[in-house]
Amino acid sequence: MTAIDHNQVRRGMDADSIRKDFQDHLNFTLAKDQYSATQLDHYQALAYTIRDRLIDRWLTTQQTHHQRKAKRVYYLSLEFLMGRVLHNNVLNLRIDDQVRRAVTELGFDYEALRDEEHDMGLGNGGLGRLAACFIDSMATLDIPAFGYGIRYNYGIFRQEIEKGRQVEQPDDWLKWGNVWETPRMSLQFKVQFGGRVELEKDAQGRLTPRWVDAHPVIGIPYDVPIVGYGGKTVNTLRLWTAHAHEDFDFEDFNKGDYINAVEHKVTAENLTKVLYPNDLHYLGKELRLRQQYLFVSCSLQDIIRRFKTDSQNWDDFPDLVAIQLNDTHPSLAVPELMRLLVDVEGLDWERAWDITVRTLGYTNHTLMPEALEKWSVELIEKLLPRHLQIIYEINQRFIKDVAAAFPGDMHRVGRMSIIEEGEHRMVRMAHLAIVGSHSTNGVAEIHTRLLKERVVPDFADMYPSRFNAKTNGITQRRWLLESNPPLAQLITETIGDSWITDLGSLTKLETHADDSGFRERFRDVKYQAKKSLSDYMKATWNWDVDPTWIFDVQIKRLHEYKRQLMNAIHIVMLYNRLRKNPDMDFHPQAFLFGAKAAPGYFMAKLIIKLINNIGDMINRDETVRHKLQVRFLPNYRVTLAEKLIPATDVSEQISTAGTEASGTGNMKFMLNGALTVGTLDGANVEMAEEVGSENMFIFGLNAQEAKDLGEHYNPYDYYQRNEEVREALDLIFSDHFSVLERGIFEPIRHSLLEGGDRYLLLADLPAYAEAQQRIQKLYRDREEWTRRAVLNTASSGKFSSDRTIAEYARDIWKVEPCRVD
Ligand SMILES: *Cc1c(COP(=O)(O)O)cnc(C)c1O
């Protein structure tokens, strides 16, 4: 018998150690043997084995940050759209080969084990995925950081398609356990709701506010390790769950009212049960406000607790703590930090305010008015009476500053006030976040400009130096290294592997765009990815999609402003063209869609139905099905994105100019060598600057033109003017695609022709169709297409979230990397 090397158990990075520990976990952690273990057990045994390899590094990282009194970044986000974790950890630990060898020796298929993992779907779309890319980059850049969020029991719903319509199913992702999380039962924080504020004399005889008779709830953290590439820094994603406080039902128990007491317990624990599935759309739901406050208060209490282990001097706080608010969702951090500093820690207002403003930064994510959060004064007063007082105090002082800066301009005071006056008085959370922080950033250059010009011009006037642009990015570890191994390998063979942590080095590929041998390999990689996706679609849905076709992909949340409907109408234009002229010169094109609609968003759900009905007709039609296909892939999520993006030829980024703040999907496609058909919106503008607009298919109105046209737009004119557009619309509204459900698309007709076509689809459709013709023409020139695809990959370096995070660290957080040995 060989002796056990205790340095290797649970730590060894070689295949032997991994294999042995896998067996151990299967036997001792999961209590299974070779006869009883299921595929899920095998996944879990492997996940535990990988998790073990993070623990030492995690503890060492935390010790190092503590010993060096490093400034820490706290990224507060109601959403973290992580996707799967296992393989990401394996790659960042750089033990891919060893793990695969161990798994093979055990007689399993690594890909099949990976497939057992459920997506961690704690987010809606771009905003949540951004948070996930950011924490990967922060760990890779050795920035001491915590992600703070909520451990929803139900993440974003699972989408099923029934008779062409979206049906939502609960995402019970914790049902089989979550290997990656560790509960920290010793770290519990109390938060309260309701009650009232009384004035009470303190020890010095001063009248101080006291929040009394409130209902307590407990927040308990669950920690997930976040390992950076290279395995040095392991940061923490800390997710809160709500639990009942023992005092909460004390009275009921004493009264013998057991059932009522337990009911209260259930109410408290419901708080963190479900993620609100609305993307960029605000709903004034009380439970959502409770979630926001629980999360903000627990996070701030935890941050203050940790600060106190490093310093006793509050003036150090902004030098040791940087807190970033991902949208206004955590903007209660402004009054809550003030409450903790003033009411609990006893600081005076001015000092507390200085600390608060210097500590907080706010990221704005949208220009769309319906997404701007406004909570009713009435609701805040009911749930958070002390916070309402603090907000009033902040506002009074702020309004005084406004009046002093712009004397006599009373309209400006009304426009800028944190409180919106009217029958139902509202708290404008974006105003609160701007006033209460030292930095407000947009997520792309154009977005930041429009934010300053159109959304909060008064604030940009008053605080010009607070506003800054931080163009979003994506992590190449997930969106190339993990999701597209053949392309990752080709790039590494060609220019080395420095791109993994320095995406700018992809420019070295530029010269290879003119090398026909390289182009052939690049083209073959793309073909293999299309073949894999084609096989997946065959195995999963029994669809036949030929990988020699153009794969034209639009995957993102379903929103009217993202104009999936414009894509659908254009497909009907192609359908008409091909029916009239079946021998038309046309390279077969498959239009692939993936999108979840908010469950209460009627028009978005109807557009899903339309896409499916158009697909049902076209995919069966003998005259066109050999050249045109339309497929709606159910349940779009990170794992599906990872399959689709490597296989994409044409990336659809067609939002009305001036509506998409940045987009990040656009960057994932560019990195993977797709050509973009898009408007000059969001980060598309910067993509065009990087690769050259001649290497994209840019079309349509720009943001200024869209705004100007919108002021006197008559969609009916455009309907009359363009015969192809008119025929396509007439076909849809004549129930050609809805013979058995006549009239169901009437609301779409109404929205376009009578409702004003808010997103200017009819105005942009001819230019979009023309851009699609350019795509058809170029695709026939395989060499030129590939050359441009290579240039897109080569020029995508700017869009790494490593670059974005380095900018946040330098300009907003003022934090330095802290290397861990
Ligand atoms: C990247 C990503 C998004 C954001 O896509 P956009 O096209 O930028 O809106 C949404 N959902 C998932 C699953 C993603 O991976």
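Residues numbered from 1 in each chain as written. Predicted model: local features only at pLDDT ≥ 70, side-chain atom pairs only at ≥ 80, totals over all residues. Heavy atoms only, no water.

**Student:** How do you make sense of the packing of helix 22 (residues 564–580) against helix 29 (residues 723–733) when you look at a structure like this?
**Tutor:** Working note: a packed helix pair is described by the angle between its axes plus the distance between those axes. Where helix 22 meets helix 29, the axes come as close as 9 Å, and the angle between the chain directions of the two elements is 100°. When the interaxial angle is binned, helix 22 and helix 29 end up roughly perpendicular. Along its contact with helix 22, which presents I569, V572, M573, Y575, N576, R577, R579 and K580, the element helix 29 presents E724, V725, E727, A728, L729, L731 and I732. Taken together, the residues of the contact of helix 22 with helix 29 break down into nine nonpolar, one polar and five charged. (Axes fitted to C-alpha atoms, helices over the stretch in contact; angles between N-to-C directions. Helix = DSSP H or I, 4+ residues; strand = E, 2+ residues; numbered from the N terminus. Parallel < 35°, antiparallel > 145°, perpendicular 65-115°, else oblique. Contact = heavy atoms within 4.5 Å. Nonpolar A, V, L, I, M, F, W, Y, C, P; charged D, E, K, R; others polar.)

**Student:** Looking at this structure, how should I read the site of the ligand?
**Tutor:** The immediate surroundings of the ligand are formed by 14 residues, with K556, K562, T664, G665 and K668 found nearest. K668 places a polar side-chain atom, nitrogen or oxygen, 2.6 Å from an oxygen atom of the ligand. Computed on the free molecule, the ligand has an accessible area of 390 Å², of which 95% lies beneath the protein chains in the complex. Partitioned by chemical class, the residues of the shell around the ligand number four nonpolar, five polar and five charged. (Near = heavy atom within 4 Å. Polar contact = N/O pair within 3.5 Å; in protein donor to acceptor, adjacent residues only side chain to side chain. Areas by Shrake-Rupley, 256 points an atom, 1.4 Å probe, with all protein chains shown as cover.)

**Student:** Just to check I follow, could you spell out the pattern of salt bridges for this structure?
**Tutor:** For side chains of opposite charge, pairing can occur when their charged atoms come near one another. Tallying each qualifying case throughout the model produces 73 salt bridges. Note that D811 is salt-bridged to K470, the shortest N-O span being 3.0 Å. One end of the pair, D811, is in helix 33 (residues 801–813); the other, K470, is in the loop between strand 19 (467–469) and helix 19 (476–482), with 341 residues separating them in the sequence. On the basis of relative accessibility, which here comes to 3%, the residue K470 falls in the buried class. Across the salt bridge formed by E482 and R478, the nearest N and O atoms sit 3.7 Å from each other. (Salt bridge = Lys/Arg side-chain N within 4 Å of Asp/Glu carboxyl O. Buried < 20%, exposed > 50% of the residue type's maximum accessible area, 1.4 Å probe, protein only.)

**Student:** What exactly am I supposed to notice about the pairing of strand 5 (residues 158–162) here?
**Tutor:** Consecutive side chains of a regular strand alternate in pointing toward one face of the sheet and then the other. Two elements, strand 5 and strand 6 (residues 165–169), share five bridges in a ladder whose sense is antiparallel. When the sheet's bridge partners are listed, E162 is paired in strand 6 with R165. Remark: two residues form the turn of the hairpin made by strand 5 and strand 6, two consecutive strands paired antiparallel; K163 in that turn has positive phi of roughly 50°. (Pairing = 2+ DSSP bridges.)

**Student:** Whenever I open this one, the sheet that holds strand 16 (residues 419–420) confuses me. Can you help?
**Tutor:** Two strands in a sheet stick together by hydrogen bonds in their backbones, pointing the same way (parallel) or opposite ways (antiparallel). Spatially, the three strands line up as an open sheet ordered 15-17-16, and their pairing is antiparallel. Only two strands of the sheet have a single partner each, and these edge strands are strand 15 (374–376) and strand 16. With two bridges joining them, strand 16 and strand 17 (residues 426–428) adopt antiparallel strand pairing. Looking at the pairing, E420 lines up with M426 of strand 17.

**Student:** Explanation requested: unusual backbone geometry in the structure shown.
**Tutor:** Although it is not a glycine, R10 adopts a positive phi angle of roughly 65°. Structurally, the position occupied by R10 is in the segment before helix 1 (15–29). Positioned with a positive phi, L280 is a non-glycine residue whose angle comes to about 55°. You can see L280 is positioned in the loop between helix 8 (258–270) and helix 9 (286–310).

**Student:** Explain the UniProt feature "modified residue: N6-(pyridoxal phosphate)lysine" (unreviewed entry) in the protein here, please?
**Tutor:** Cross-referencing UniProt, the feature "modified residue: N6-(pyridoxal phosphate)lysine" (unreviewed entry) maps to K668 in the present numbering. When near neighbours in sequence (up to four residues on either side) are disregarded, K668 contacts R129, I474, W479 and I645. (UniProt positions renumbered as here; feature names shortened; annotations may be inferred.)

**Student:** Help me understand the environment of H118, please; the structure alone is not making it clear to me.
**Tutor:** For H118, the location among the structural elements is in the loop between helix 5 (110–114) and strand 3 (120–122). For the pair H118 and D171, spaced 53 residues apart in sequence, the C-alpha to C-alpha distance is 9.5 Å. Aside from chain neighbours lying at most four places away, what touches H118 is R84, D171 and W173.

**Student:** What is the right way to look at the sheet that holds strand 21 (residues 589–594) in this model?
**Tutor:** Taking strand neighbours across the sheet as the criterion, the six strands line up as 22-21-20-23-24-25 in an open arrangement whose pairing is parallel. Each having just a single partner strand, strand 22 (628–632) and strand 25 (697–698) make up the two edges of the open sheet. Alignment of strand 23 (residues 650–653) against strand 24 (residues 675–678), held across four bridges, turns out to be parallel. Bridging from a neighbouring strand, V650 pairs with L675 of strand 24.

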